[in-house]
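# Remarks on the overall topology
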Amino acid sequence: MQQDKKTEKYTEKTRETSQFCTKKKGYDIKQTMGFYRGKKVFVTGHTGFKGTWLCRILLEAGAEVTGYALLPPTNPSLYGLSGTEGDIRGVTGDIRDAEALGKAFRQAKPEVVFHLAAQPIVRNSYANPVYTYETNVMGTVHVCECVRQSGSVKSFLNVTTDKVYRNREWEWGYRETDTLDGYDPYSNSKSCSELVTHGYIRSFFREQGIAVSTARAGNVIGGGDFAEDRILPDCVRAVLQGREITVRNPYSVRPYQHVLEPLFAYLFVAERQYEDGACADFYNVGPDEGDCVTTGELAALFCEKWGNGQTWRSGGEEGPHEAGFLRLDCSKIKNRLGWAPRWRIGEAVGKTCEFTRVYMERGNIAGEMVREIKEFLSADSGELNGQMKENAEGLGCRK
């Protein structure tokens, strides 16, 4: 098939060579917020932790948001506590149900799509591998089909994970060109989700002129996460119950970052590729090297920020296999798009503690979310440069 000028920018060479991503403007997230005003945006997994935060950002930006997801996966849930369900058009449905998803897509007629719906817990994937693969692989197929058939979508971002790579316990960060081959059912299903997206790009999206990227983000922390088997939610539960924190695998290294970091990166990537399709690619999104810490160090930092004599202890390293050392090389998104993280790990943990106190006092959750979003937006380039200098002198990644 003869390619026209609209689709020439989607050649393999374009996707592999950063110089073709033109009109570089740097990481101006206030301008990104303006881009979404009035845009029709479709979010799968909107009832989850990250999905709720993303919807709240989009509402602040003035977007017209449609969400598609199961009921909130936890009780309590950030989605319910924040009142987000009353502010967007939410559709309750299973990502495995292609017919229901397609109906929601046709009604929404979105211009921008963010695919977050997933079974996201490693340990749960060992207990329910079939459900995990059905949700994370076939769910991606169904979303890709809806995008392909929509006629309205111009920008699509599939959110996967830092765990898509074959983990070799390297002490350096994984790059986007490293082998996709997650170990456990969750990680492996997300590797498959990446490959599904790559196949649709080559087979359909490129010729249709639809800009598509994937984002492989590190571990997120922040207020409102009530999931099981996650370190900071476990810390918060211990505080609420007045007991000592127990930490599994305290020497495991992870690229922890505040939830607003990857979410604004997703919004930024989707905006950039909407304006310039050559910017569509596969991107790692994680903290700077100085903020790559062990799980035990993160727990200790939480105890320090929380105060009141809070302590933690090691719970050993029992349980199914999980990676011991995981870090991302985010050079591509930094150099190609001008992205940079804004909050250091200490500030990210501090914000989580602030949010938790609001929750404990039965305060205004939506108001706290908006406050943190505005603080994130207010960080200027001088603050960023100072943070990056601190990163070089701060916490070191170590086993």
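Residues numbered from 1 in each chain as written. Predicted model: local features only at pLDDT ≥ 70, side-chain atom pairs only at ≥ 80, totals over all residues. Heavy atoms only, no water.

### Focus on the nonpolar core
Grouped together as the largest cluster of nonpolar side chains are 59 residues, with contacts concentrated most on Tyr36, Trp53, Leu58, Phe114 and Phe264. In terms of residue count, the dominant contributor to this core is helix H11 (residues 260-275) (nine residues). When near neighbours in sequence (up to four residues on either side) are disregarded, Tyr36 contacts Val41, Leu58, Ala61, Gly62, Ala63, Val112, Phe114, Tyr266, Leu267, Ala270 and Glu271. Counting 25 residues, the second-largest nonpolar core is a separate cluster that includes Val141, Phe156, Val196 and Phe282. (Core = buried A, V, L, I, M, F, W, Y, C linked by side-chain atoms within 4.5 Å. Buried < 20%, exposed > 50% of the residue type's maximum accessible area, 1.4 Å probe, protein only. Helix = DSSP H or I, 4+ residues; strand = E, 2+ residues; numbered from the N terminus. Contact = heavy atoms within 4.5 Å.)

### Quick look at the sheet that holds strand E4 (residues 112-115)
The seven strands lie next to each other as E3-E2-E1-E4-E5-E6-E11, forming an open sheet whose pairing is parallel. If you trace the sheet from one side to the other, it starts and ends with strand E3 (89-92) and strand E11 (282-285), each paired once. Across the sheet, the axes of successive neighbouring strands diverge by a mean angle of 15 degrees, strand direction being ignored. In this fold helix H6 (residues 98-108) packs onto strand E1 (40-44), strand E2 (64-69), E3 and E4, with an angle of close to 165 degrees to the strand it touches most, E1. Sheet strands in contact with H11 are E4, strand E5 (155-159), strand E6 (211-217) and E11, and its direction is about 150 degrees off that of E5. (Pairing = 2+ DSSP bridges. Axes fitted to C-alpha atoms, helices over the stretch in contact; angles between N-to-C directions.)

### Focus on empty space enclosed by the protein
A complete count under the given rule lists three cavities of 30 Å³ or more for this structure. Around the largest cavity sit Gly222, Gly223, Gly224, Asp225, Phe226, Leu232, Pro233, Val236, Thr352, Phe355, Thr356 and Tyr359, which together line it. Contributing elements (two or more residues each) for the lining of the largest cavity: helix H10 (231-241) and helix H14 (345-360). Here the lining of the largest cavity takes four residues from H14, the largest share from any one element. The class makeup of the residues in the lining of the largest cavity is six nonpolar, five polar and one charged. (1 Å grid on protein atoms, 1.4 Å probe; cavity = no way out; pocket = protein on both sides within 12 Å on 5 of 7 lines; lining within 4 Å. Points joined across faces, edges and corners; volume = space filled by probe spheres on them. Nonpolar A, V, L, I, M, F, W, Y, C, P; charged D, E, K, R; others polar.)

### Here's the deal with the packing of aromatic side chains
Two aromatic rings are characterised by how far apart their centres lie and by the angle between their planes. Counted according to the given criterion, the structure contains 17 aromatic pairs. Each ring, one from Phe42 and one from Phe105, has its centre 4.4 Å from the other, and the planes form 40 degrees; the classification is tilted. Of this pair, Phe42 sits in strand E1 while Phe105 is found in helix H6, placing the two residues 63 residues apart along the sequence. The pair formed by Phe42 and Phe105 is uniform in burial state, with each residue classed as buried. Aromatic side chains Tyr200 and Phe205 sit 5.7 Å apart centroid to centroid with 35 degrees between the ring planes, which places their arrangement in the tilted category. (Phe/Tyr/Trp six-rings, centres within 6.5 Å; stacked < 30°, edge-to-face > 60°.)

### Digging into the confidence of the model for the protein
Within the protein, residue pLDDT values average 89, and 87% of them lie at 70 or more. Below a pLDDT of 50 lies the segment residues 1-19, which in the model reaches 34 contacts outside its immediate sequence neighbourhood of four places, other chains included. Predicted confidence for residues 381-399 stays below pLDDT 50, and this span has 35 contacts to residues more than four positions away or in other chains. (pLDDT = per-residue confidence, 0-100.)

### Here's the deal with unusual backbone geometry
Put simply, Asn75 and Pro76 share a cis peptide bond, and its omega is 10 degrees. The backbone phi angle of Glu169 is positive, close to 55 degrees, even though this residue is not glycine. By the element assignment, Glu169 lies in the loop between E5 and helix H9 (185-208). Even without glycine at this site, Asn308 takes up a positive phi of about 60 degrees. The topology assignment puts Asn308 in the loop between helix H12 (295-306) and strand E13 (312-314).

### Considering the pairing of E4
Burial along E4 is two-sided: the face carrying Val112 and Phe114 and the face carrying Val113 and His115 are both buried. Of the pairings in the sheet, the one linking E1 to E4 comprises four bridges and is parallel in character. Bridging from a neighbouring strand, Val41 pairs with Val112 of E4. Relative to E5, E4 runs parallel, the two sharing four bridges. Its bridge partner lying in E5, Val113 is registered against Phe156.

### Things to note about the pattern of salt bridges
Summed over all chains, the structure comprises 22 salt bridges. One salt bridge connects Glu354 with Lys351, and the closest N-O pair in it is separated by 3.8 Å. Of the two residues, Glu354 and Lys351 are both situated in helix H14; the distance of three residues between them amounts to about one turn of the helix. The exposure class assigned to Glu354 is partly exposed, which follows from its relative accessible area of 34%. As a salt-bridge pair, Lys351 and Glu375 come within 2.2 Å of each other at their nearest N and O atoms. Placement of the pair is Lys351 in helix H14 and Glu375 in helix H15 (residues 365-378), with a sequence separation of 24 residues. Since its relative accessible area comes to 6%, Lys351 is described here as buried. The class for Glu375 is partly exposed, based on a relative accessible area of 26%. Bridged by salt links that share partners, the residues Lys351, Glu354, Glu368, Arg371 and Glu375 form one connected network. (Salt bridge = Lys/Arg side-chain N within 4 Å of Asp/Glu carboxyl O.)

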